[in-house]
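The residues making up each chain are set out below.
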Amino acid sequence: MKPTVHDIAAAAGVSLATVDRVLNRRAGVSARTRDKVQGAVAALGFVRDVAAANLAKGRVYPLTFILPANDNSFMRELEAAVRDAAARSPSERTDIRILRVPPFDAAALVEVLDALVADRPAGVALVAVDAPEVAGARRPVR
């Protein structure tokens, strides 16, 4: 059976709230207590279930993939892999979308990146043309 936060708290001799503070890197925990909790995490082999933590917090992370509208086999396979991930995304508390831009069109890519600034996605992955205007584009930041 996988160790839980209750197991960590018992092993470290601290409260669940303290374990939560350490796991979420919040203030209000002494270095000595933080070390005890981190030691219990390591000793028990605890691996945080990010999907469960996000579910508990009601978080959904929007992720955007910007791919060239290209019909070569690599891009088709890449887009298929992203679509597979998107099909699983609700259970993983992510919202994945794919945006396609004309290949080698720096201006179109910059336009899409600029539009994403307002959306503030948690992450953006893109296949980009190496152009100064792309390098200087505004970055969508959460």
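Provided above is the structure to which this section pertains.
Residue positions are given per chain, counting from 1 as you read along its sequence in written order. For this predicted model, a pLDDT threshold of at least 70 governs which residues receive local features, and a threshold of 80 or more governs which side-chain atom pairs are given and counted, while totals over whole chains, interfaces and linings are taken from all residues. Computation of side-chain values covers all heavy atoms of the structure but excludes hydrogens and water.

Q: Could you give an account of unusual backbone geometry, naming the residues involved and the relevant values?
A: Glycine aside, residues mostly have negative phi angles, and peptide bonds mostly take the trans form. Of note in the backbone geometry, Phe 104 takes a positive phi value of approximately 60° without being a glycine. Topologically, Phe 104 is positioned in the loop between strand 2 (94-101) and helix 6 (106-119). The buried label applies to any residue whose accessible area, calculated with a 1.4 Å probe on protein chains only, is under 20% of its type's maximum; exposed applies above 50%, and partly exposed to all values in between. For Phe 104, a relative accessible area of 75% translates into the label exposed. Positive phi outside glycine occurs at Arg 120, with the angle close to 50°. Put simply, DSSP marks the helices as runs of H or I at least four residues long and the strands as runs of E at least two long, and each gets a number from the N terminus on. Locating Arg 120 in the fold gives a position in the loop between helix 6 and strand 3 (123-126). For Arg 120, a relative accessible area of 44% gives the class partly exposed.

Q: Pulling in residues and values, what's your account of the sheet that holds strand 1 (residues 61-68)?
A: Taken in spatial order, the three strands make up an open sheet running 2-1-3, and their pairing is parallel. Each end of this open sheet is capped by a strand with a single partner; those strands are strand 2 and strand 3. Averaged over neighbouring strand pairs, the angle between their axes works out to 20° when direction is ignored. Two strands qualify as a pair provided DSSP detects at least 2 bridges between them. Pairing analysis gives eight bridges linking strand 1 to strand 2, with the strands arranged parallel. The residue of strand 2 that forms the bridge with Leu 63 is Ile 96. Note on geometry: axes are C-alpha line fits, over the in-contact stretch for helices, and angles between N-to-C directions span 0 to 180 degrees.

Q: Provide a residue-level description of the nonpolar core, including the pertinent values.
A: For the purposes of this section, nonpolar cores are sets of buried Ala, Val, Leu, Ile, Met, Phe, Trp, Tyr and Cys residues that join through side-chain atoms within 4.5 Å. Core analysis: the largest hydrophobic core is formed by 12 residues, namely Ile 8, Ala 9, Ala 12, Val 14, Val 19, Val 22, Leu 23, Val 29, Val 37, Ala 40, Val 41 and Phe 46. Elements supplying a minimum of two residues to this core: helix 1 (5-12), helix 2 (16-23) and helix 3 (31-44). When sequence neighbours within four positions are dropped, the list of residues in contact with Ala 9 reads Val 14, Ser 15, Leu 16 and Val 19. Of all hydrophobic cores here, the second largest spans 11 residues; its members include Leu 109, Val 112, Leu 116 and Val 134. Any pair of residues with heavy atoms lying within 4.5 Å of one another is described as a contacting pair.

Q: Quick rundown of helix 5 (residues 73-88)? Include the residues and the values.
A: Every helix has an expected span of 1.5 Å times one less than the residues it contains. When the terminal C-alpha atoms of helix 5 are compared, their 23 Å separation across 16 residues agrees well with the 22 Å that a helix rising 1.5 Å per residue should span. Looking only at helix 5, the buried set comprises Met 75, Glu 79, Val 82 and Ala 85. Projected onto a plane normal to the axis of helix 5, the buried residues spread over an arc of 115° and lie on a single side. Every exposed residue of helix 5 that faces more than 90 degrees away from the buried side is listed here: Glu 77 and Ala 87. Of the surrounding secondary structure, the elements contacted by the buried residues of helix 5 are strand 1 and strand 2. Two N or O atoms count as a polar contact when they lie within 3.5 Å, although within protein this holds only if one can serve as hydrogen donor and the other as acceptor, and sequence-adjacent residues are included solely when both atoms are side-chain atoms. Regarding helix 5, its N-cap is Asn 72, as a side-chain oxygen of that residue lies 3.1 Å from the backbone nitrogen of Phe 74 further along. Read the arc as the range of directions from the helix axis to the C-beta atoms.

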